[in-house]
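Residues per chain, in single letters:
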Amino acid sequence: MAHHLRTSRVIKLLILCLLATVVVVIVLAIQPVIQETSCQCTTNRNTHTGFESGKGHQLAIIVPFRDRFEQLQEFVPHIHQFLNAQKIRHVIYVINQVDKYRFNRGSLINIGFLQSREESDYIAMHDVDLLPMNPDLSYSFPRNGPFHVAAPNLHPKYHYDDFVGGILLVANDHFQMLNGMSNKFWGWGREDDEFYRRIIDAKLTVTRPTGITTGENGTFKHVHDEKIISRDMIQTVEQKKVSELML
């Protein structure tokens, strides 16, 4: 009963914060968060040999968000309990896009990094509709480079080799070195693929979980329903212009 009450309080507090605009309110069309030419930023169970223990580190879970409150209500208590079981110190940032432009996931993640960098030393770029179910999926500090939790052989939907979406852990110094994510992708998709190119160009190595036997059907719970929430999948070079025409 006590655990249920604590979980309820977490959910109520999160929703209250959203409604009180404690989450960052942004207008994406005004200016990029991190410039494309130079970054304006200043600066336990362990199944992966590139990880350090959770001691001394704090993870910022960055959730790019818009109009998915039911998924958020399931996500917050689940990820909180999952990370507590691994003794991972963490803070959850829900970065809520409230304007009428097309969704800009890259900018939201950049904002989450800027908001969290003072108190956390690594981030998880985390989709709100993807819940880790296998306790052997480590969220520990990725000191050797980005760690892709939602690996192509484990993700329930996306299986191409260069895929780094869903859940990606990145140390703060690596995220800043990569100049964050591109702010130029409006609508759904492709920002992760561009970020992968930044990782490769910087000669960093993406690592992924090993020894996970639950496969693509049992490692994550994917709670997205296209019938309820459709994705904006228009692809065009002039994506911001399309956004303006949609207002």
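Structure first, text after, so check above.
Nothing here was measured: the structure is a model prediction, and the numbers come from that model.

Draft legend 1. Here's a closer look at helix H3 (residues 105–116). A rise of 1.5 Å per residue sets the reference length of H3, with its 12 residues, at 16 Å; its end C-alpha atoms lie 16 Å apart and thus fit the reference within 8%. Among the 12 residues of H3, 10 are classified as buried, and the element is accordingly described as predominantly covered. Among all positions in H3, only Arg 105, Gly 106, Ser 107, Leu 108, Ile 109, Asn 110, Ile 111, Gly 112, Phe 113 and Ser 116 are buried.

Draft legend 2. Quick look at unusual backbone geometry. Unlike most non-glycine residues, Lys 87 shows phi in positive territory, near 60 degrees. Looking at the secondary structure, you find Lys 87 in the loop between helix H2 (69–85) and strand S2 (90–96). We classify Lys 87 as exposed; its relative accessible area is 60%.

Draft legend 3. A look at the sheet that holds S2. Across the sheet, which stays open at both edges, the 5 strands sit in the order S2-S1-S3-S6-S5 with mixed pairing between neighbours. Edge positions in the sheet fall to S2 and strand S5 (147–148), since each of these pairs with one other strand and no more. Looking at chain direction, strand S3 (residues 122–126) and strand S6 (residues 167–171) are connected through 5 bridges and run antiparallel. Paired with His 126 across the strands is Ile 167, a residue of S6.

Draft legend 4. How the structure looks around helix H5 (residues 191–201). Within the span of H5, buried status applies to Glu 191, Asp 192, Phe 195, Tyr 196, Arg 198 and Ile 199. For H5, the arc enclosing every buried residue in end-on projection is 160 degrees, short of the 170-degree limit, so these residues lie on one face. Those residues of H5 that are buried are in contact with H3, S3, S6 and helix H4 (172–177). One or two positions beyond H5, positive phi appears at Lys 203, with a value near 65 degrees.

Draft legend 5. Focus on the packing of aromatic side chains. As enumerated under the stated definition, the model contains 8 aromatic pairs in all. Between Phe 82 and Tyr 139, the ring centres sit 5.7 Å apart and the planes meet at 70 degrees, which makes this aromatic pair edge-to-face. Linking Phe 82 in helix H2 with Tyr 139 in the loop between strand S4 (130–132) and S5, this pair joins segments that are 57 residues apart in sequence. Tyr 139 matches Phe 82 in its accessibility class, with the two residues each being buried. Between the aromatic rings of Phe 113 and Phe 175, the centroid separation amounts to 4.7 Å while the plane-to-plane angle is 45 degrees, which identifies the pairing as tilted.

Reading the values: rules and limits
- Residues numbered from 1 in each chain as written.
- Predicted model: local features only at pLDDT ≥ 70, side-chain atom pairs only at ≥ 80, totals over all residues.
- Heavy atoms only, no water.
- Helix = DSSP H or I, 4+ residues; strand = E, 2+ residues; numbered from the N terminus.
- Expected span 1.5 Å × (residues − 1).
- Buried < 20%, exposed > 50% of the residue type's maximum accessible area, 1.4 Å probe, protein only.
- Pairing = 2+ DSSP bridges.
- Arc of directions from axis to C-beta.
- Contact = heavy atoms within 4.5 Å.
- Phe/Tyr/Trp six-rings, centres within 6.5 Å; stacked < 30°, edge-to-face > 60°.

In short, shape yes, function no, at least from these values alone.
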